[in-house]
Amino acid sequence: MLELSRLRMLVEAGHRGSIAAAAKELHLTPSAVSQQLKVLAQEVRIDLLERVPGGVRLTAAGALLVEYAERALGELEQAEQALAVFKGTVAGTLRVGCFPSAAGALLPSLLAGLASTYPDLTVTLHSLNSRDAVGALTAGEVDAAFVASYEDELPADGDLRTTVLGYDRLQAIAAPDHPLFQGERVELADLRDEPWLMDANSSVLCGVVTRACRRAGFAPRIRTHCPDASVTLAMAQAGLGVAVLPRMVVSGHGVAALPTGPALGRSVGLVVRRSRLRLPAVQVLLEESVRLCSPVLEST
């Protein structure tokens, strides 16, 4: 009888193309995964993986076994769900994906509350941008995902259901004594002559801010591109430029921060797989997320 744990290792190695990546996902050491996969190959008496530059790939026999293994693991997952619903217990492991800024602003209090109230529930957190989080959810790699959308298009197709948690307004930031930041909001057009501190050039936020500036009649004069919001905040505080960042990452960082004119922002939601909605752990996550996110996010 083949062990499901080894089959899971084979599935991960096959999908990720690397023993190290599979080990990281499974919270094991690469040597442990490699050893167990060798045992599995000995059990079936055929090579399941072959070395390629940069990693491994499935042999034809390995791909066949992965196909059956995924079915077996899927059936086991459904059995675990059915038992959890039957018992009504909040327990087991819940895999949650989350975009980085929400991981710092929303999740600490949420996870602390869950750990205190439901000690038999383990939540594993995967820091992923929203697009990758939805992909991981669709692939069954996570059970729920916190995502954000600047286009008000949160996923709600097929096996995915989104609960909108609120609206995260974007704020213009600058040094505390900046003369243009003394009112109730800042018009983007008034910042045309300022040096700009932008997110990474390839980021969604950079694209949103750049397009908003162009609609306001100017192309921003960019001093830096930096994906780390804490660095951008420090540079703005030091008077090196202005920036536009989500409100949830700005609060308490010693900068002048005001809503932009025109208003910019993003919707924040929690996406879950419909097939796992009946799980008590997923229900608790949804309920607590709605309750705890309201002080941080604006109502939509």
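Worth saying up front: this structure is predicted, and the values here are computed from it rather than measured. (Residues numbered from 1 in each chain as written. Predicted model: local features only at pLDDT ≥ 70, side-chain atom pairs only at ≥ 80, totals over all residues. Heavy atoms only, no water.)

**Points about the overall build of the chain**
Phase 1: The helix and strand inventory of the chain stands at eleven helices and twelve strands.
Phase 2: Taken along the three principal axes of its C-alpha coordinates, the chain extends 75 × 50 × 30 Å.
Phase 3: In the chain, buried positions account for 45% of the 300 residues.
Phase 4: The contacts of the chain with a sequence gap of at least 6 include a subset with a gap of at least 24, amounting to 75%.
Phase 5: Mean positive and mean negative side-chain charge positions of the chain (28 and 32 charges, respectively) differ by 2 Å. (Helix = DSSP H or I, 4+ residues; strand = E, 2+ residues; numbered from the N terminus. Buried < 20%, exposed > 50% of the residue type's maximum accessible area, 1.4 Å probe, protein only. Contact = heavy atoms within 4.5 Å. Lys, Arg positive; Asp, Glu negative; His and termini not counted. Charge placed at Lys NZ, Arg CZ, Asp CG, Glu CD.)

**With respect to the packing of helix H1 (residues 4-16) against helix H3 (residues 30-44)**
Phase 1: Where H1 contacts H3, the two axes come as close as 9 Å, and the packing angle between them is 110°. Relative to H3, the element H1 lies roughly perpendicular. In this structure, H1 uses Arg6, Leu7, Met9, Leu10 and Ala13 to contact H3, whose residues at the interface are Val33, Gln36, Leu37, Val39, Leu40 and Glu43.
Phase 2: Classifying every residue of the contact of H1 with H3 by side-chain character gives eight nonpolar, one polar and two charged. (Axes fitted to C-alpha atoms, helices over the stretch in contact; angles between N-to-C directions. Parallel < 35°, antiparallel > 145°, perpendicular 65-115°, else oblique. Nonpolar A, V, L, I, M, F, W, Y, C, P; charged D, E, K, R; others polar.)

**A short note on unusual backbone geometry**
Phase 1: Backbone torsion omega between Gly261 and Pro262 reads 0°, so that peptide bond is classified as cis.
Phase 2: Along the chain, Pro262 falls in the loop between strand E11 (256-261) and strand E12 (265-273).
Phase 3: Look at Arg45: it is not a glycine, yet its phi comes out positive at around 60°.
Phase 4: Structurally, Arg45 is set in the loop between H3 and strand E1 (49-52).

**Remarks on helix H11 (residues 280-293)**
Phase 1: Spanning 14 residues, H11 covers 20 Å between terminal C-alpha atoms, matching the ideal 20 Å at 1.5 Å per step.
Phase 2: Looking at H11, one finds that the buried residues are Pro280, Ala281, Val282, Val284, Leu285, Leu286, Ser289 and Cys293. (Expected span 1.5 Å × (residues − 1).)

**Some points on the side chain of Gln171**
Phase 1: One can find Gln171 in strand E6 (residues 160-174).
Phase 2: By relative accessible area, which is 13% here, Gln171 ends up buried.
Phase 3: In this structure Gln171 touches Ala243, Val244, Leu245, Arg247, Val250, Ala257, Leu258, Pro259 and Thr260, once residues within four positions along its chain are discounted.

**So, the packing of aromatic side chains**
Phase 1: Following the criterion strictly, the structure yields one aromatic pair and no others.
Phase 2: With 6.3 Å between their ring centres and 40° between their planes, Trp196 and Phe218 make a pair best called tilted. Separated by 22 residues along the polypeptide, Trp196 in strand E8 (residues 195-198) and Phe218 in the loop between helix H8 (204-215) and strand E9 (221-225) bring together distant segments of the chain. Across the pair, exposure class does not vary: Trp196 and Phe218 are buried alike.
Phase 3: In this structure, Arg71 packs its charged tip against the face of Tyr68, placed 5.0 Å from the ring centre. (Phe/Tyr/Trp six-rings, centres within 6.5 Å; stacked < 30°, edge-to-face > 60°. Lys NZ or Arg CZ within 6 Å of the ring centre and 35° of its normal.)

**Some details on the nonpolar core**
Phase 1: Judged by nonpolar contacts, the single largest core of 60 residues is most densely connected at Phe146, Phe181 and Trp196.
Phase 2: With residues up to four places along the chain from it excluded, the contact list for Phe146 reads Val96, Gly97, Cys98, Phe99, Leu107, Leu110, Leu165, Gly269, Leu270 and Ser289.
Phase 3: Core analysis: the next-biggest nonpolar cluster, separate from the first, contains 18 residues, Leu37, Ala41, Leu48 and Leu73 among them. (Core = buried A, V, L, I, M, F, W, Y, C linked by side-chain atoms within 4.5 Å.)

**Description of the pairing of E9**
Phase 1: In this structure, E8 lies alongside E9, joined through four bridges in parallel fashion. For Trp196, the partnering residue across the bridge sits in E9 and is Ile222.
Phase 2: Each parallel crossover has a hand, and the one from E8 via H8 to E9 is right-handed. (Pairing = 2+ DSSP bridges. Right-handed = clockwise from strand over helix to strand, strands pointing away.)

**Description of the environment of Ser101**
Phase 1: By the element assignment, Ser101 lies in helix H5 (residues 100-105).
Phase 2: Expressed as a C-alpha distance, the spacing of Ser101 and Gly55, which sit 46 residues apart in the sequence, is 32 Å.
Phase 3: For Ser101, the residues in contact, after removing those within four places along its chain, are Met248, Val249 and Arg266.

**Considering the packing of H1 against helix H2 (residues 19-26)**
Phase 1: At a closest axis distance of 8 Å, the pairing of H1 and H2 adopts a crossing angle of 125°. Accordingly, the angle class assigned to the pair H1 and H2 is oblique. Regarding H1 and H2, the two cross each other, and that crossing is right-handed. For the pair H1 and H2, contact is made by Arg8, Met9, Glu12, Ala13 and Arg16 and by Ile19, Ala21, Ala22, Glu25 and Leu26, respectively. (Left-handed = near helix turned anticlockwise from the far one by under 90°.)

**Observations concerning the confidence of the model for the chain**
Phase 1: For the chain, the average pLDDT comes to 87, and 94% of its residues sit at 70 or higher.
Phase 2: Averaged pLDDT values over the elements of the chain bottom out at 75 in helix H4 (residues 60-87) and peak at 97 in E8. (pLDDT = per-residue confidence, 0-100.)

**Quick word on the pairing of E11**
Phase 1: As judged from the four bridges shared by E6 and E11, these two strands associate in the antiparallel manner. Residue pairing for E11: Ile173 is matched across the bridge by Ala257.
Phase 2: Where strand E7 (residues 186-187) and E11 come together, two bridges link them in parallel fashion. Within E11, the residue paired with Val186 across the bridge is Thr260.

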